[in-house]
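Working through the structure, step by step
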Amino acid sequence: MGYYGRGGRTLSACLLNQSSSFSRIVLCFLLLILTVHASADWHYSEDSWTGVCRDGKRQSPVDLDEEKAKVEVTQPLIFLRYDRPVQANLSNNGHTVVLNVEQQCEVAIASGGLRGVYQLDEIHFHWEAEHTIVGNRYYKLIQSLSLQLSWITYEMLQEGRKYILGNGKVVLNVEQQCEVAIASGGLRGVYQLDEIHFHWEAEHTIVGNRLPLEVHFVHHNVLFNNISHALQHPQGLAVVAVLFHEVDFESSNMVPVLDALEETAGSVGESTRLAVPFSPATLLPDDRSRFYRYQGSLTTPPCTESVVWTVMHSSVPISKFQLEKFRTVNSTSGLLDANFRRTHPLNGRTIHLITDDEVDITDNEISAATTPHICHKTFIPIVALAAFTLSRF
C-alpha cells in the first residue's frame, strides 16, 4: 500500500499555510515538484529503495499465520456508509490503478469506549447546569446529543432521520453528514476513506501462500486535515486489505471497476470516471467479523511507518479472466505484470487475530458463527457526551 493521492493536495496545503508572497508561492511549487518526483521515481525492485524502506523495523507487508497470531475479542469493525454509492475516478499512475473517492466527513465522535460513530445532530442549552460536580451546580452547560433514543440502528443513521426535541429547550440544529469511513474494531478514532487501489499479486501472504489480488482501502484519521498530515503521526493511517481468490465464475461486483480499467490501462496518467456510482462495500468479504491487525508501513516509497493494518480474514472471489485485465496496465517501462512488495520480518511485532464480540471464543478457537454486515445490523447505545468539533481546511 502506498498513498497515490494527487499532487494538488500537497500544493493546496502549502499555499494555505504560507503567506501569499511570490517567493512563498515558488517554494510551494518546488515542494509539489519534489513530492511528485519522489513518489514517482521508483520501481518494484527494492534494490534501489533507501531510507526507512531499507532500514525500518515496522515494514509491510508481512506473512500472516493464524496459528501464531494472538487471538483477541473487540468491538465490531464498523464500515460506515460503505454501502452508499459514491462517485469515483479510476486512474493509472504507472504503479497501480487507483479509485479516488470524493467525499468529506464532518462533525462526529467515536472511540473512547463508544461502540460506533456518532454524528452530531444538535447542540442545546440548560440553565442552570443539569449535572453537578461534587454537589456544585455550574451556571451553564452545553450538552450535545447524537440522537436522544435508547437504541438506534445504522439504517436510521444512514437515512439521516431527524428527531425534533422539545421541552422548551434552545436548540441549535446541525445539518451535515458523514460519508464513507471506518471506526471501532480496536481503532482509536474515525478514519475517512481516501482511495482504493489494487495489487496484483497480493502483498500479504498467508503462511507463505500468495493470492492473486489484494485491494487496499486507504483511510486517514479525521483528527488530521488530510492524508499527508496524517502520515506524520503514529497510526495516522488505517488501511483495510482484502485478499481475492481465483474462481471459475466472474464477479459482477468488479464489473464497474474493470470497465473503467479498459479506458485507463493503456496510458500512465490516464483517468476516467466510473460509469455508475460505486459502493466500496462491494469489494469487501461477506464475513467481516474476523481480521488480522498489526502496526506497519506504506508498502511503497517512502515506506512511512504510520499505518494501522487490518487484513480481512475472509477473501473475495474473482475470475482468471478478470485478473488478467489488471496485467494489461501500462507503466513507464512497459506492462505492469505484477506490483507487489516482498514480505518483511515482524521484528518483534505482534499479529493479532481479532474477532468481534458477537462471535463466541472457546479455548482460543473461533466458532463457526458469523455476524451480519456491521454497517446494516449493529445496534448502538446512545449516550450524552460533550461536543467534539473536528477542525478542517
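Details of the overall build of the chain
A tally of regular secondary structure across the chain gives eight helices and 29 strands. By the burial criterion, 49% of the 393 residues in the chain qualify as buried. If you take every contact in the chain between residues at least 6 apart in sequence, the share linking residues at least 24 apart comes to 75%. When the accessible surface of the chain is totalled, it reaches about 18,700 Å², and 53% of it is carbon and sulfur.

Description of the nonpolar core
If you look at the biggest cluster of nonpolar residues, it comprises 45 residues, and the most contacted ones within it are Phe198, Phe217 and Phe326. Non-local contacts of Phe326, meaning those with residues more than four positions away in its chain, are made with Val97, Phe198, Trp200, Leu213, Met254, Leu258, Leu261, Ile318 and Leu336. Of all hydrophobic cores here, the second largest spans 19 residues; its members include Val218, Phe224, Ala230 and Leu298.

A short note on the state of the cysteines
On inspection of all chains with the given rule, the structure shows one disulfide. Here Cys53 connects covalently by a disulfide to Cys303, the sulfurs 2.0 Å from one another. For the disulfide bridge between Cys53 and Cys303, the dihedral angle about the S-S bond is near 95 degrees, and by the sign convention the bridge is right-handed. Of this pair, Cys53 sits in helix H3 (residues 52-55) while Cys303 sits in the loop between strand S20 (290-296) and strand S21 (307-312), placing them 250 residues apart in sequence.

Some points on the packing of aromatic side chains
A full pass over the atoms with the stated rule returns five aromatic pairs. Measuring from centroid to centroid gives 5.3 Å for Phe198 and Phe326, while their planes differ by 35 degrees, and the two rings are tilted. Highlighted residues: Phe198 in strand S15 (residues 191-199) and Phe326 in helix H7 (residues 320-326), separated in sequence by 128 residues. Residues Tyr294 and Trp309 carry aromatic rings whose centres are separated by 6.3 Å and whose planes lie at 5 degrees to one another, so their mutual orientation is stacked. Of this pair, Tyr294 sits in strand S20 while Trp309 sits in strand S21, and the two are 15 residues apart along the sequence. On the basis of relative accessibility, which here comes to 1%, the residue Tyr294 falls in the buried class. A relative accessible area of 0% places Trp309 in the buried class. Grouping aromatic residues by their ring pairs yields a cluster made of Phe79, Tyr82 and Phe217. The lysine or arginine in question, Arg288, covers the ring of Phe79, its NZ or CZ lying 5.7 Å from the ring centre.

So, the pattern of salt bridges
Counting across every chain of the model gives eight salt bridges. Here Glu46 ties to Arg341 by a salt bridge, and the two come within 3.1 Å at their closest N and O atoms. Of the two residues, Glu46 sits in the loop between helix H2 (22-40) and H3 while Arg341 sits in the loop between strand S24 (334-335) and strand S25 (352-356), which places them 295 residues apart along the sequence. With relative accessibility at 1%, the residue Arg341 sits in the buried group.

Topic: unusual backbone geometry
Of note, the bond from Trp200 into Glu201 is cis; its omega dihedral lies within 30 degrees of zero at 10 degrees. Secondary-structure assignment places Glu201 in the loop between S15 and strand S16 (205-206). In this structure, Pro302 follows Pro301 across a cis peptide bond, with omega equal to 15 degrees. Relative to the helices and strands, Pro302 resides in the loop between S20 and S21. A positive phi angle, close to 60 degrees, is found at Gln235, a residue other than glycine. As for its placement among the helices and strands, Gln235 is situated in the loop between helix H5 (227-230) and strand S18 (237-247). Positive phi outside glycine occurs at Cys303, with the angle close to 60 degrees.

Describing helix H6 (residues 255-264)
All buried positions along H6 are accounted for by Val257, Leu258, Ala260, Leu261 and Thr264. One side of H6 holds all its buried residues, which, seen down the axis, span an arc of 160 degrees. Opposite the buried face of H6, by more than 90 degrees, sit the exposed residues Glu262 and Glu263. Tucked inside the fold, the buried residues of H6 contact strand S4 (88-92), strand S5 (97-101), S15, strand S19 (271-273) and H7.

Analysis parameters
- Residues numbered from 1 in each chain as written.
- Predicted model: local features only at pLDDT ≥ 70, side-chain atom pairs only at ≥ 80, totals over all residues.
- Heavy atoms only, no water.
- Helix = DSSP H or I, 4+ residues; strand = E, 2+ residues; numbered from the N terminus.
- Buried < 20%, exposed > 50% of the residue type's maximum accessible area, 1.4 Å probe, protein only.
- Contact = heavy atoms within 4.5 Å.
- Areas by Shrake-Rupley, 256 points an atom, 1.4 Å probe, with all protein chains shown as cover.
- Core = buried A, V, L, I, M, F, W, Y, C linked by side-chain atoms within 4.5 Å.
- Disulfide = S-S within 2.5 Å.
- Phe/Tyr/Trp six-rings, centres within 6.5 Å; stacked < 30°, edge-to-face > 60°.
- Lys NZ or Arg CZ within 6 Å of the ring centre and 35° of its normal.
- Salt bridge = Lys/Arg side-chain N within 4 Å of Asp/Glu carboxyl O.
- Arc of directions from axis to C-beta.

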